[in-house]
Amino acid sequence: MYARRAAQLLQELSSCEEGQLPPYNGDKFDQVIRECEEHSRQFQSLIRDKDIETKNEDHYGSFIHHLSIIRNKRCLMAYMYKRAEVIQSYRWNVGRVLPREIQDKLNFSEQEYFKNYCGVIDSYMKDLDLDLTVDMIPPKDPYIRVRVLSEIGEVSLGDHAVSLTKDSFHFLRRTDAEPFISQGLMEEFVE
């Protein structure tokens, strides 16, 4: 059956849990490319020196080869697009550094894609002076009350400076407090 291998690639992807990837199947991907090349050769041989107006077995054969090329192309594009979506989600869910088990599932081009995607996101966040990875679920209030756990000292936060001494309480913007909270230097104070 034409395009069977391409369909198998998509079945591999759909059999995984949401947000997970199977290892990149380069062998099957290359087999689909070779199948497309064979269809192209067959298509070219059928239409070469033929009268396009007459509808005979060569016309219908060329049509089948053409449709097989299109189907394979669509399957390969869907395979790569879905993998790219999952790779992009890794940046938001896992962070800048991928665990070894995820890296092993990506081919070299996908690893480069991930690095470039991270670079673009980081550049964008730097230009905006905003960390988009802080709150994946928007907070109800942009300000939080925090308790300082360790002596931090004088810190410049946006338009003002604050002295963050141990066991002091402050009402800060969430984006200013998150780096200190993630380092364990302060905690959100919930009444």
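Residues numbered from 1 in each chain as written. Predicted model: local features only at pLDDT ≥ 70, side-chain atom pairs only at ≥ 80, totals over all residues. Heavy atoms only, no water.

A.B. asks: I would appreciate a short explanation of the nonpolar core in the present structure.
C.D. replies: Among soluble globular proteins, nonpolar side chains are generally buried collectively. Ranked by internal contacts, the top residues of the largest apolar core, which has 17 residues, are Leu9, Leu21, Tyr90, Leu98 and Phe114. Contributions of two or more residues to this core are made by α1 (4-14), α2 (26-47), α3 (57-93) and α5 (108-128). Per element, the largest residue contribution to this core is six residues, and it comes from α3. Excluding anything up to four places from it in sequence, Leu9 contacts Asn25, Lys28, Phe29, Val32, Leu76 and Tyr79. Counting residues in hydrophobic clusters, the runner-up holds eleven residues, among them Ile144, Val155, Leu157 and Phe180. (Core = buried A, V, L, I, M, F, W, Y, C linked by side-chain atoms within 4.5 Å. Buried < 20%, exposed > 50% of the residue type's maximum accessible area, 1.4 Å probe, protein only. Helix = DSSP H or I, 4+ residues; strand = E, 2+ residues; numbered from the N terminus. Contact = heavy atoms within 4.5 Å.)

A.B. asks: Just to check I follow, could you spell out the packing of aromatic side chains for this structure?
C.D. replies: What describes a pair of aromatic rings is the distance from one ring centre to the other and the angle between the planes of the rings. Counted by the stated rule, this structure contains six aromatic pairs. Residues Tyr24 and Phe29 carry aromatic rings whose centres are separated by 6.0 Å and whose planes lie at 40° to one another, so their mutual orientation is tilted. With a centroid separation of 4.9 Å and 75° between ring planes, the pair formed by Phe169 and Phe189 is classed as edge-to-face. On the criterion of sequence distance, the pair formed by Phe169 in strand β4 (residues 169-173) and Phe189 in the segment after β5 (186-188) is long-range, its members being 20 residues apart. Of the aromatic side chains, those joined through ring pairs into one cluster are Tyr24, Phe29 and Tyr79. (Phe/Tyr/Trp six-rings, centres within 6.5 Å; stacked < 30°, edge-to-face > 60°.)

A.B. asks: What am I meant to see in α5 here?
C.D. replies: An α-helix turns once per 3.6 residues; consequently, residues spaced three or four apart project the same way. Between the first and last C-alpha of α5 there are 30 Å, a value that for 21 residues agrees with the 30 Å anticipated at 1.5 Å per step. Within the sequence span of α5, burial applies to Glu110, Phe114, Tyr117, Cys118, Ile121 and Met125. Around the axis of α5, the buried residues are gathered within 100° of arc, so they sit on the same side. Relative to its buried face, α5 has exposed residues pointing more than 90 degrees away, namely Phe108, Ser109, Lys115, Asn116, Val120, Lys126 and Asp127. Looking at the buried side of α5, the elements it contacts are α3. Here α5 starts with a cap whose side-chain oxygen sits 3.3 Å from the backbone nitrogen of Ser109, and that cap is Asn107. Two residues or fewer after α5 comes Asp129, characterised by a positive phi angle close to 55°. (Expected span 1.5 Å × (residues − 1). Arc of directions from axis to C-beta. Polar contact = N/O pair within 3.5 Å; in protein donor to acceptor, adjacent residues only side chain to side chain.)

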